[in-house]
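Chain and residue survey
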Amino acid sequence: MRISETPLPGEDGFHEETKAFLAVLRSIPPIPEEDDPNGWFLQIQDHLLRSPRERMDWWVPFADEALRYSNERHGMPHVRFDPVRVLRCLSDHAVAFVVVGMGAGYLQGAPYPSYNIDITPRVDPVNVAGLERALAGLEARPLTWDGWRSVAEHTLPGFRRLMTVAGPVNVVDDPWGLGGYDQVKVNAACLEVSEGLVVSVASLEDVICSKEAMKDLPGRSSHSRTMDGLHVMMGKETLALRRKYGTTWKLSTA
């Protein structure tokens, strides 16, 4: 919602703190309509101004509460969503990986939620062995329910949807449209997502590219295609605002 440039009738009765706050909002130069075609500006701005750790702190309870509500509604058991636990376990086992997918987009500043965490591991015998030990420690098993619907068995090579004691995890050897670990790692950033936990996170540009490629996958449901399109749209708006206003906002994690 946009704030009117001049006081509206009835504002004289507002509390002084409210009037002062409105004055501050009105003192900020307005964002041109072409920079905010979907009205997402404030949401994107707030999220970009958070650090990666703060973004993780917002992501976890939001996603967990949504999953809990849906699971309870469908009479399914709930597993607490804890991506930090997953990432710490992978790091403790010295697994080389990059966070990809919607979770990476969220950590890179695009404020759309993800209800699982996607990782792309380096595919070599030593690293894969470490990955399997980490997944065993997380009691990983094939995902059969994703919080909203049953999950059919997947036969796509290099793509595993798993349920762990810390919630849903996807292992994606070659993210669509990007290639494998070595390609994704080139543009990735090392972000501290929890105290003392620094992980490699795919760039927002690469997340958008992969989402665009996923829309054209054979057999992709109309719902999934719609969501892919929404994520691409918000990701692109986030990139545009970050590039144009990053210096003005003094972004340190752009």
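Residues numbered from 1 in each chain as written. Predicted model: local features only at pLDDT ≥ 70, side-chain atom pairs only at ≥ 80, totals over all residues. Heavy atoms only, no water.

This brings us to unusual backbone geometry. In the Ramachandran plot, Ala94 falls in the positive-phi region, its phi being about 55 degrees despite a non-glycine side chain. Among the secondary structure elements, Ala94 is positioned in the loop between helix H4 (83-92) and strand E1 (97-100). By relative accessible area, Ala94 is classed as exposed at 62%. Phi at Lys250 takes a positive value of approximately 55 degrees, unusual for a residue other than glycine. (Helix = DSSP H or I, 4+ residues; strand = E, 2+ residues; numbered from the N terminus. Buried < 20%, exposed > 50% of the residue type's maximum accessible area, 1.4 Å probe, protein only.)

Applying the stated criterion across every chain yields a total of six aromatic pairs. When the centroid spacing of 6.4 Å and the interplanar angle of 70 degrees are considered together, the rings of Phe41 and Tyr245 count as edge-to-face. With a gap of 204 residues between them, Phe41 in helix H2 (residues 41-48) and Tyr245 in helix H9 (residues 222-249) connect regions that are remote in the sequence. An identical accessibility class is assigned to Phe41 and Tyr245; each is buried. Where Tyr245 meets Trp249, the ring centres are 5.4 Å apart and the plane angle is 15 degrees; that geometry is what we call stacked. Of this pair, Tyr245 and Trp249 both sit in helix H9, separated by four residues, roughly a single helical turn. The same class applies to Tyr245 as to Trp249, namely buried. (Phe/Tyr/Trp six-rings, centres within 6.5 Å; stacked < 30°, edge-to-face > 60°.)

Further remarks concern the layout of surface pockets. Remark: the empty space left among the atoms is shown by a probe the size of a water molecule rolled over them. Considered as a void within the structure, the largest pocket measures approximately 1,200 Å³ in volume. Broken down by secondary-structure element, the contributors of at least two residues to the lining of the largest pocket are helix H5 (101-107), strand E4 (159-164), strand E5 (167-172), helix H8 (204-214) and H9. Element by element, the count of residues in the lining of the largest pocket is highest for H9, at six residues. (1 Å grid on protein atoms, 1.4 Å probe; cavity = no way out; pocket = protein on both sides within 12 Å on 5 of 7 lines; lining within 4 Å. Points joined across faces, edges and corners; volume = space filled by probe spheres on them.)

Moving on, we come to the side chain of His231. Mapped onto the secondary structure, His231 falls in helix H9. Residues contacting His231, with those up to four places away along its chain left out, are Met102, Tyr112 and Lys211. (Contact = heavy atoms within 4.5 Å.)

Buried residues dominate E4, accounting for five of its six residues. Sheet topology places strand E3 (residues 141-142) next to E4; two bridges connect them, and they run antiparallel. Each residue of the ladder has a partner; that of Pro142, found in E4, is Leu162. Relative to E5, E4 runs antiparallel, the two being bridged by six bridges. Across the sheet, residue Leu162 finds its bridge partner in E5, namely Val169. In textbook terms, the turn of a hairpin is the stretch between consecutive antiparallel strands, and for E4 and E5 this stretch comprises two residues. (Pairing = 2+ DSSP bridges.)

Turning our eyes to something else, we now look at the pattern of salt bridges. Enumeration according to the criterion identifies nine salt bridges in this entry. With its nearest N and O atoms 3.1 Å apart, the salt bridge here joins Lys244 to Asp35. Of this pair, Lys244 sits in helix H9 while Asp35 sits in the loop between helix H1 (16-27) and H2, placing them 209 residues apart in sequence. Residues Asp64 and Arg68 are paired through a salt bridge, measuring 3.5 Å at the closest nitrogen-oxygen approach. With Asp64 and Arg68 both in helix H3 (residues 52-73) and four residues apart, the pair spans about one turn of that helix. (Salt bridge = Lys/Arg side-chain N within 4 Å of Asp/Glu carboxyl O.)

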